[in-house]
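Coordinates in review
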Amino acid sequence: MFRNHFKTAFRNLWKKKGFTFLNLLGLALGISAFLLIMQFVNFELSYDDFHGNKDQIYRVQLDQYRNGELIFASSENYPAAGPALAQDLPEVLSYTRLYNLGSKNNMVVTYDEAPGEPLSFKQRKLLYADSSFLTFFSYPILEGDPISALSQPFSMVITESTARKYFGEESALGKSLHMKDDDFNDELCKVTAVVADMPDNTHLKFDILISYNTLYTRGDWAPGRYNSSWQRKDMYTYIQTREGVDPLVLEQKFPAVIAQHIPEDEQESREDILSLQPLTDIHLYSDLADEAEANGNGEVVYFMLIVGLLILLIAYVNYINLSTARSLERANEVGVRKVMGAYRGQLLTQFLIEAFLINLAALLVALLSVEVALPFFNQLTGQSLPAFGIWTSPWFYPVLLGLLLAGTLLSGLYPAFVLSSFRPVDVLSSKYGAGSKGALLRKALVVVQFAASVGLIIGTMIIYQQTNFMLNQDLGFESEQIMVIERPGVSARDRSLRSQQIDVFTEKLEKSPAILQSSRSSTLLGKKMRFKAGVRKYTDPADQELTFVFSGVDFDFVDCLNMEVVAGRNFSEDHATDLDTACLLTETAAKALGFDTPGEALGKTLAIGQFRWNPIVIGVLKDFHQESLKLATEPALFYPTLYGAEYYFAKFQARQAGEAIAQAESSWKEAFPGNPFEYFFLDDYFNRQYQNENRFQRLITFFAILAIFVGCLGLFGLSAFTAQKRTKEIGIRKVMGATSTDILKLLSKDFLVLILIANVLAWPLIWWLMNNWLQGYAHRIEINWIVFALATVMVLILALTTVSVQAIKAAATNPADSLRSE
């Protein structure tokens, strides 16, 4: 029996190749899109999922308040936090700490025994790690003992690719590398273990780990500073709780720990709050200061999952609509089968087998399409999903089976019931209304289908506008044609000699005709200003301090970056007291201090109690965006410094980047020998903050286009059946003088009405969704009604174009042939 059903199903599908192709193409595209999105979603959700005790591991977050105002929200905290929590709270099983020296990007690592000349690289992903780190986490160990690898000072653990970079194919164990920077002062560290390269799906990526107790060798003061200090706040701390511990209940015990170890908080009107971040939530839900790397966005991930489900829904709607619309052609077949004794169950089985074959074929085509499209998809997402990696994913086979079974039932069950319900007497006596069965449902499904498509178009346009707004907004400084070089990792220990090195570099840099100006700063635009302090008017009481971000700059910084002084003047070498007493404020800072206009702030003395410094305001800068426009503008204070810079800026002539880079490299090597030369461009660095938004825009645009195309496939099929159903009517109308335009109106009117209804239904929901999304941006666009009108026009044009293909075909048919066929 089943063999006959399969034979009949194949014959029916082969007989109607056009119908089969439309259904197969629509389903294959929908399933392909869903599987691609599922790979993206699964990868984003899999961050740090490979660690053995992941459900019990948390990172300790530090939020610091002053006078009730949040001034500091960081992924790092006190060196003493981990030991104190483990000692004072029995719920904490163990802890491990990391000192993120690599974030300063100034460590130079040298292998002196390399063949030829020594190998030197600036290592960006370098961490000091507690001895428990390798047993705390589950990074694969290739060589060495994870228990003892970080137990001794000057021990080092490196990744496989780092070992290959320095030592080639030789074993790295026991070999030594020189670690050089201004703090470390050229110490020799021995490789005690090699770990596998970091997987892409971890928030904590490193190339080198140095034993944490190496920090204790820096002097008698070092153990206190790096182990038991409640002052500095630059350590990642992770804890592992005992099984069954509720993290929210555990957090309620943290204030007592803080009060015991930092009693001065209350006197200084300060409050430190420790909280726990689940390890597997960090990548998608954490956006704090001092993150180990730029994290993802959970909203984007789940939004893309919804998009994938919508595209899949649109594809299945196509199948249902086309199948029920074909009821006229199948009516006679059903009538004859029933007269010959076929039961309804047999007919249901027949039609479900056809749906099964279509879904199976679409699934196979989709799997092939996913592998072919994967390189392009990796470019869209910025991920490195491996070819055929989907086959090894634990979710893949259940999803595959679910798609096949659910797709067969959802797309085949209703058409099967419609087709098997025909009464033979009505069908064979021509009383059956052609294609009338399920007409109301088809219209409803078309509305749902195009409501989803319109929503995706509107969402895409709003995301594009917001991203474009952020990328093209006036930042308050000039970012183009600015080269940035980070301070050398190794320079003279003597301050006067170091100052001479900096002067030599700057002088030689500016000798190049390709370089217009140079400058220095302690902070980098596009990177969070970590240095904050309380500021007030000198005449205000101490409890009225406001928190400002601070940055040290040289005399040329404002001019080099073309920042605007709205009141007063810039720092100047002509004013000898500027280095000791002057400061600049931003407009937001001046307003926060109570000055009605920027000019009112000039000449006023400020009090910065933390440093016992009382600077005089000599100028006010126009507000600028230190970070992404997603964040509000913080009040900022600038102070002059000549040699305390972390970053060097060089403004170069247009179209002379090559000459500027060559001059900078030559000057660098002469001024700072032994330091690898590395640079980047300020505009590129600043725009990296928008990588999540750019990726979201690319993804939503691609899949919105795909969703519309799949929807138009269904519309094309429906219009074809509508034209076929009304063949006689079209022929009569042509005989009566109807033009091709009249035929187009006839066939498209009902569809266009449904699409207009879909637009009206989609507008409120998509406005609500996108308005909520925009609330996450401090600087954002206003949603304009033109976006909705434009999306509606676009969909109507696409629908009209799709239907017009069938209308032109119907209009070109000879009326005599049309009437004879009836």
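Here we look at the side chain of N759
Its location among the elements puts N759 in helix α26 (residues 740–774). Taking the relative accessible area as the measure of exposure, N759 reaches 0% and is therefore buried. Polar side-chain contacts of N759 include one of 2.7 Å to the side chain of T792. Residues within four places of N759 in sequence aside, it is in contact with V454 and T792.

Points about a negative patch on the surface
Taken together, the side chains of E507, E510, D556, D559, E573 and D574 present a region of like negative charge at the surface. When its relative accessible area of 38% is taken as the criterion, E510 is described as partly exposed.

Looking at the pattern of salt bridges
Taken as a whole, this structure holds 19 salt bridges when the rule is applied. Across the salt bridge formed by E293 and K205, the nearest N and O atoms sit 3.0 Å from each other. With a gap of 88 residues between them, E293 in the loop between α10 (282–285) and α11 (298–325) and K205 in the loop between β10 (187–195) and β11 (208–211) connect regions that are remote in the sequence. Taking relative accessible area as the criterion, E293 reaches 22% and is therefore assigned partly exposed. Among the ionic pairs, R232 bridges to D234, the shortest N-O distance being 2.6 Å. Residue class for R232 comes out buried when judged on its relative accessible area of 13%. Residue D234 is classed as buried on the basis of its relative accessible area, which comes to 14%. In this structure, a network of salt bridges that share partners links the residues R124, E486 and E678.

Details of the packing of aromatic side chains
Tallied over the entire structure, the rule returns 44 aromatic pairs. Considering the side-chain rings of F136 and F137, the 5.0 Å spacing of their centres and the 70° angle between planes classify their relative orientation as edge-to-face. The burial state of F136 is the same as that of F137; both residues are buried. Aromatic pair F137 and Y238: ring centres 5.3 Å apart, planes at 85°, arrangement edge-to-face. Of this pair, F137 sits in the loop between α4 (133–136) and β7 (141–144) while Y238 sits in strand β12 (residues 235–241); the two residues are 101 residues apart in sequence, bridging distant segments of the chain. Exposure remark for F137: the relative accessible area of 3% places this residue in the buried category. The exposure class assigned to Y238 is buried, which follows from its relative accessible area of 0%. Taken together, the ring pairs connect F505, Y648, F652, W668, F672, F677, Y679 and F681 into an aromatic cluster. When the ring centre of F121 is taken as reference, the NZ or CZ atom of K165 above it lies at 4.6 Å.

Basis of the calculations
Residue numbers here run from 1 along each chain, matching the order of that chain's written sequence. Note on the predicted model: pLDDT of at least 70 is required for a residue's local features to be given, and 80 or more for side-chain atom pairs to be given and counted; whole-chain, interface and lining totals, by contrast, use all residues. For the side-chain quantities, the full set of heavy atoms in the structure was used; hydrogens and water were omitted. Strands here are runs of E lasting at least two residues and helices are runs of H or I lasting at least four, both read from the DSSP assignment and numbered beginning at the N terminus. Each residue gets one of three labels from its accessible area relative to the maximum for its type: buried under 20%, exposed over 50%, partly exposed in between, using a 1.4 Å probe on protein chains only. The term polar contact refers here to a pair of N or O atoms within 3.5 Å; inside protein, the definition further demands a hydrogen-donor-capable atom paired with an acceptor-capable atom, and it admits residues adjacent in sequence only when both atoms are side-chain atoms. Throughout, a residue-residue contact means that at least one pair of heavy atoms, one from each residue, lies within 4.5 Å. Each patch is built from salt-bridge-free residues with over 30% relative accessible area, joining like charges within 9 Å and nonpolar side chains (Val, Leu, Ile, Met, Phe, Trp, Tyr) within 5 Å. Methods summary: accessible areas were calculated by the Shrake-Rupley approach with a probe of 1.4 Å, and residue burial reflects only the protein chains presented. Salt bridges are counted wherever a side-chain nitrogen of Lys or Arg sits within 4 Å of a carboxyl oxygen of Asp or Glu. Counted as positive: Lys and Arg. Counted as negative: Asp and Glu, with His and the chain ends omitted from the count. For charged residues, the charge sits on one atom: NZ in Lys, CZ in Arg, CG in Asp, CD in Glu. When the centres of two rings from Phe, Tyr and Trp lie within 6.5 Å, Trp using its six-membered ring, the rings pair. Their planes under 30 degrees apart give stacked, over 60 give edge-to-face, and anything left gives tilted. A positively charged side chain is recorded as over a ring if its NZ (Lys) or CZ (Arg) lies within 6 Å of the ring centre. The angle to the ring normal must also be within 35 degrees.

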